[in-house]
Amino acid sequence: MESMTVQAPTASELDIVGTEAIRDPHGYFGRMREIAPVLWDTRSRSWIVTGYQEITAALRDDKHFSSDRIRPFIAKKLSGPDTDPKVKQAFEVLANWLVFNDKPKHLRLRMLINQAFMSKAMTRLTEKFEALFNDVITAAPAAGRIDIVADVSVPFSASVISEMLGVPREDRGLFAKWHRLFGPVVGASLDDANKYDSLAEGVSELSNYVRTLIERYRKDPEDNLLSELIKAQDDKDALSEDEIIATCTLVLFAGSETTANLIANAILALLRNPEQMSLIRSGGVKITDAVEEFLRFDGSGKAVTRVVREDTDALGVSMKAGQRVFLILAAANHDPSVFEDPDKLVLNRSWERKHIAFGYGLHSCMGLQLARLEAAIAIPGILGKWSHIELDGELEWHPQLLSRGLKALPVKVSA
Ligand code: HEM
């Protein structure tokens, strides 16, 4: 029997990377969810899914929703004679990121990478992270005007991820540049005209750099994730050099700015909710519970992308094979049918951990414990260093659909 399909409403006025959506995604996508939890956006030519049930359904359903959006893009857009080979090469590195793969390749990569994540290099992290945070916070001034992003959250998360992977201290400054270069494509800045050239430059420099590190740790393995990735194998399989390079670039990308953004978003949320700041300062809430609420309230992963694999009405509207779907995690985490008073920051909510700030299902974040640990060290650490913190300047958000991060968080502090 043929299934029933309904025609989805269209919303021609939408601008999902417009000023309003970037400034207040919860309000913006919340209004969209009230119109319909699944909407076709004519401007981005994508489905926008804002309901919790629909998003989790899509993330469970890899039969209809594929994560593999890079290879079809290469085949469609980068196979002509006038394609810049550097741009194509950059997309080929991204095509090996496990987040852009379906099974069976995704399962194989995830299993091999997971071995490295479970290794002894990844134990005893609390101590290491506390020492790294201490270096960063000690270097920040005791009083005056600072930027929480540039002075604390970015240097801390960059040093954690670099230390974990095995990037030598003297090279850590390089990542900010590469991030800037390929962030706009991966974070889906829909309006950045030069983003493919930047991507090519960033990915190629970063890949060459990682290649030199692989050579070094192949000869002399150390206690770090890269040495473990080189070793990771099962009975008959191992990661190829291209897969190791892709995984390192993914981890550097997925693991640094996301966590830095979470920390800064959390501090902003506290500045806007002083009674919740007092609750943390007075020890009235467990920091691990508070971190879950920060992730739900204003997490740094705003959305994830899927591609419709075959025509389907699985989400209640008729979707066609090849169409792009944006699943707005931030909207799911403020869905009033799941969370009571969703737009309120309540650090000691009784938690069932239903939020999906780390995604959900097969592709859910592999670095979630690291990110939680970093946030649990940095947030009380920042409050501990400065007894007074106040906002001191305008806020500007990165104009990206997939990530939620401040360009700067200017504050006045005193000890
Ligand atoms: C607050 C910080 C973080 C947030 C909000 C976050 C969010 C996410 C989300 C939403 C996904 C799912 C993507 C999808 O379904 O398409 C994901 C996947 C992933 N994340 Fe994170 N992440 C964070 C930190 C980290 C860290 C620290 C690492 C590594 C050290 C990491 C490594 C990964 C990897 C490898 C995947 C791909 C998993 C797969 O495709 O199977 N993430 N992350």
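Up top you'll find the structure we're talking about.
This write-up is about the structure you can find in this document. Numbers given for residues are sequential positions, taken from 1 along each chain in its written order. The predicted nature of this model means local features are confined to residues of pLDDT at least 70 and side-chain atom pairs, given and counted, to a pLDDT of 80 or more, with totals for whole chains, interfaces and linings taken over all residues. Only hydrogens and water are set aside when side-chain values are computed; all heavy atoms of the structure are taken into account.

1. Let's talk about the coordination of the iron atom of the ligand
Each metal's donors are the N, O and S atoms within 2.8 Å of it, or within 3.2 Å when it is Na, K or Ca, and because water is not part of the set, sites may look incomplete. Looking at the iron atom of the ligand, one finds just one donor atom contributed by the protein, Cys365 (SG), at 2.3 Å. For the purposes of this entry, the term helix denotes a DSSP run of H or I that reaches at least four residues, the term strand denotes a run of E that reaches at least two, and both are numbered from the N terminus. In this structure, cysteine 365 sits in the loop between helix H15 (329–332) and helix H16 (368–385).

2. Details of the packing of helix H12 (residues 241–272) against helix H14 (residues 287–298)
Between N-to-C directions, angles cover 0 to 180 degrees, with each direction set by a line fitted to C-alpha atoms, over the stretch in contact for helices. H14 packs onto H12 with a crossing angle of 90° between their chain directions and a minimal axis gap of 10 Å. By the criterion of interaxial angle, the relationship of H12 to H14 is roughly perpendicular. Residue-level inspection shows Leu262, Asn265, Ala266, Ala269 and Leu270 of H12 in contact with H14, the latter providing Phe294, Leu295, Phe297 and Asp298. For the contact of H12 with H14, a count of residues per class yields 7 nonpolar, 1 polar and 1 charged. In this scheme, roughly parallel covers angles under 35 degrees and roughly antiparallel covers those over 145, while 65 to 115 is roughly perpendicular and the rest are oblique. When checking whether two residues touch, look at their non-hydrogen atoms; a contact exists if any pair is within 4.5 Å. Classification used: nonpolar for Ala, Val, Leu, Ile, Met, Phe, Trp, Tyr, Cys and Pro, charged for Asp, Glu, Lys and Arg, polar for all others including Gly.

3. A look at the environment of leucine 391
Counting through the fold element by element, leucine 391 comes out in strand E7 (residues 388–391). Considering only alpha carbons, one finds leucine 391 and arginine 145, 246 residues apart in sequence, at a separation of 9.6 Å. Not counting chain neighbours up to four residues away, the residues in contact with leucine 391 comprise Leu268, Leu271, Leu409, Pro410 and Val411.

4. Focus: the sheet that holds E7
Read across the sheet, 3 strands follow the order E4-E10-E7 without closing on themselves; strand pairing throughout is antiparallel. If you trace the sheet from one side to the other, it starts and ends with strand E4 (144–147) and E7, each paired once. With direction set aside, neighbouring strand axes in the sheet form an average angle of 35°. For E7 and strand E10 (residues 410–414), the ladder comprises 4 bridges, and the chain directions are antiparallel. We call two strands paired when DSSP finds no fewer than two bridges between them.

5. What to know about the sheet that holds strand E3 (residues 65–66)
With mixed pairing, 5 strands are arranged side by side in an open sheet as E1-E2-E6-E5-E3. The outermost strands of the open sheet, each flanked by one partner alone, are strand E1 (38–41) and E3. With 4 bridges connecting them, strand E2 (residues 46–49) and strand E6 (residues 324–328) associate as parallel partners. When the sheet's bridge partners are listed, valine 49 is paired in E6 with leucine 327. Those strands touched by helix H3 (residues 52–60) are E1, E2, E3, strand E5 (303–308) and E6, and its axis lies near 125° from that of E6.

6. Here's the deal with the packing of aromatic side chains
When we look at a pair of aromatic rings, we describe it by the centre distance and by the angle of the planes. Pairing of aromatic rings covers Phe, Tyr and the six-membered ring of Trp, with a centre-to-centre limit of 6.5 Å; geometry is then stacked below 30 degrees between planes, edge-to-face above 60, and tilted otherwise. Across all of its chains, the model carries 7 aromatic pairs by this definition. Aromatic side chains tyrosine 28 and phenylalanine 29 sit 5.5 Å apart centroid to centroid with 80° between the ring planes, which places their arrangement in the edge-to-face category. Like tyrosine 28, the residue phenylalanine 29 is buried in the burial classification. With centroids separated by 4.9 Å and ring planes inclined at 35°, the aromatic side chains of phenylalanine 73 and phenylalanine 91 adopt a geometry described as tilted. A simple rule labels every residue: compare its accessible area, found with a 1.4 Å probe on the protein chains alone, to the largest value its type can have, and call it buried under 20%, exposed over 50%, or partly exposed in between.

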